[in-house]
Each structure stands twice: as C-alpha cells, then as structure tokens.
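Each chain, letter by letter, is given below.
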Amino acid sequence: MRCNHALILLAALFALTATAACTKNDANRPVEKPSEQTASAPAQKQTGEQLFKAKCAQCHKIKDQGGVVGPDLTAIASRKDAASLQDFIKDPKKQNPSTAMPSFADLPADDLKAIVDYLGNLK
Ligand code: HEC
C-alpha cells in the first residue's frame with residue numbers, strides 16, 4: 001500500500017512538472033513574437049522630424065540645424081504646397097534636371113507624407 005501511494009505521488013509530481021514545462025514553453029512563444037514586432041515598429045513609426053534628420057538634414061538646414069548642400073527648408077511650405085513638395089522629393093530631376101538632390105522615389109508613402117507634414121508645420 002505504501003509503495004502504491006509513493007508511486008501515485010511520483011506520477012502526480014511528474015505530471016505537474018510536465019504541465020509546468022509545457023505552460024512555460026507556451027508562455028514563451030507568444031512573448032517572442034510581439035517583442036520582434038515592437039522592435040521593428042519604431043522604425044516604421046518615425047516622425048517626420050526624425051525622418052528628416054536621418055535622410056535630409058545632411059544637406060538641408062531647418063532652423064539653423066543641418067547641412068548647406070541644399071537650400072534652407074525652414075520656410076519651404078510658404079513657397080511650395082504639400083503636393084508639389086511630395087512631387088519634388090520623389091523626383092527632383094523632373095523639376096530641375098541639373099539638381100544635386102537625390103531622388104527619394106523609394107521612400108515609403110507614409111514616410112514621405114510624414115516629412116511633408118513636418119515641413120508644412122514649420123512655418
Ligand atoms: C545630397 C544632398 C541632398 C539630400 C540628402 C536632400 N536634398 Fe533636397 N535639395 C538638395 C539640393 C542641392 C537642392 C537644390 C536643388 C534644386 O533646387 O533643384 C534641394 C532642393 C530641395 C527642395 C526644394 C527647395 C526649394 O527651395 O524649392 C526641397 C523641398 C527638398 N530639397 C527637400 C528635401 C527632403 C525632404 C529631403 C529628404 C527626404 C532632401 N531634400 C534630401 C540636396 C539634397
């Protein structure tokens with residue numbers, strides 16, 4: 001009788017640890033995926049200002065910060081509307097064939113819009 005109890009106890013213990021191990025594994029899996037997603041999310045949700053600093057500021061100044069290869073863009077929105085800004089950034093050579101500004105045709109539409117919104121809100 002004692003022997004049987006010990007066995008049942010052992011079996012119960014084994015079952016418990018097995019379940020614990022399983023739930024641990026299951027709990028780990030969903031945690032990994034969201035953390036991968038959040039790792040890539042900030043890159044997609046960069047603000048116009050961040051995008052401008054990363055892609056444009058080496059050539060363009062805004063409020064005295066940035067490069068001098070291209071014109072200062074602090075007041076650009078008072079001269080160009082959002083649509084022509086987008087057109088220009090996507091394909092500067094269309095408006096000025098001799099421009100030194102590179103084309104940003106491969107910039108995702110959301111990023112382009114964020115940059116143009118940023119430029120539009122400066123004035
Ligand atoms: C390698 C340097 C360089 C980079 C990078 C660059 N530009 Fe330019 N950009 C220029 C130059 C040079 C001009 C002036 C040429 C012209 O007027 O055609 C210019 C002109 C412009 C103009 C027109 C200005 C005006 O007075 O009409 C806008 C708007 C502009 N850039 C926006 C941007 C934005 C937004 C980015 C980033 C996505 C960017 N540029 C990145 C060099 C650059």
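Quick note: structure is the one above.
Calculation notes
- Residues numbered from 1 in each chain as written.
- Predicted model: local features only at pLDDT ≥ 70, side-chain atom pairs only at ≥ 80, totals over all residues.
- Core = buried A, V, L, I, M, F, W, Y, C linked by C-beta atoms within 7 Å.
- Buried ≥ 20, exposed ≤ 12 C-beta atoms within 10 Å, placed from the backbone.
- Helix = DSSP H or I, 4+ residues; strand = E, 2+ residues; numbered from the N terminus.
- Near = placed C-beta within 6 Å.
- Nonpolar A, V, L, I, M, F, W, Y, C, P; charged D, E, K, R; others polar.
- Expected span 1.5 Å × (residues − 1).
- Contact = placed C-beta atoms within 7 Å.

Engineer: Let's hear about the nonpolar core: which residues, and what values?
Structural biologist: Counting residues in hydrophobic clusters, the biggest one holds 10 residues: Phe 52, Cys 56, Leu 73, Leu 85, Ile 89, Ala 114, Ile 115, Val 116, Tyr 118 and Leu 119. Going through the elements one at a time, α3 (82-90) and α5 (109-120) are the ones with two or more residues in this core. Sort the elements by how many residues they give to this core and α5 lands first, with five residues.

Engineer: Now, about the site of the ligand: what can you tell me, with residues and values included?
Structural biologist: Cys 56, Cys 59, Gly 70, Thr 99 and Met 101 are the nearest of the 21 residues found near the ligand. Considering each element in turn, the shell around the ligand owes the most residues, three residues, to α3. Across the shell around the ligand, the residue classes tally to 15 nonpolar, five polar and one charged.

Engineer: Explain α5 residue by residue, including any values.
Structural biologist: In a regular helix each residue adds 1.5 Å, so 12 residues correspond to 16 Å; α5 covers 16 Å between its end C-alpha atoms and thus fits that length. Considered for burial, the residues of α5 that qualify are Ala 114, Ile 115, Val 116, Tyr 118 and Leu 119. In this structure, the buried residues of α5 make contact with α2 (48-55) and α3.

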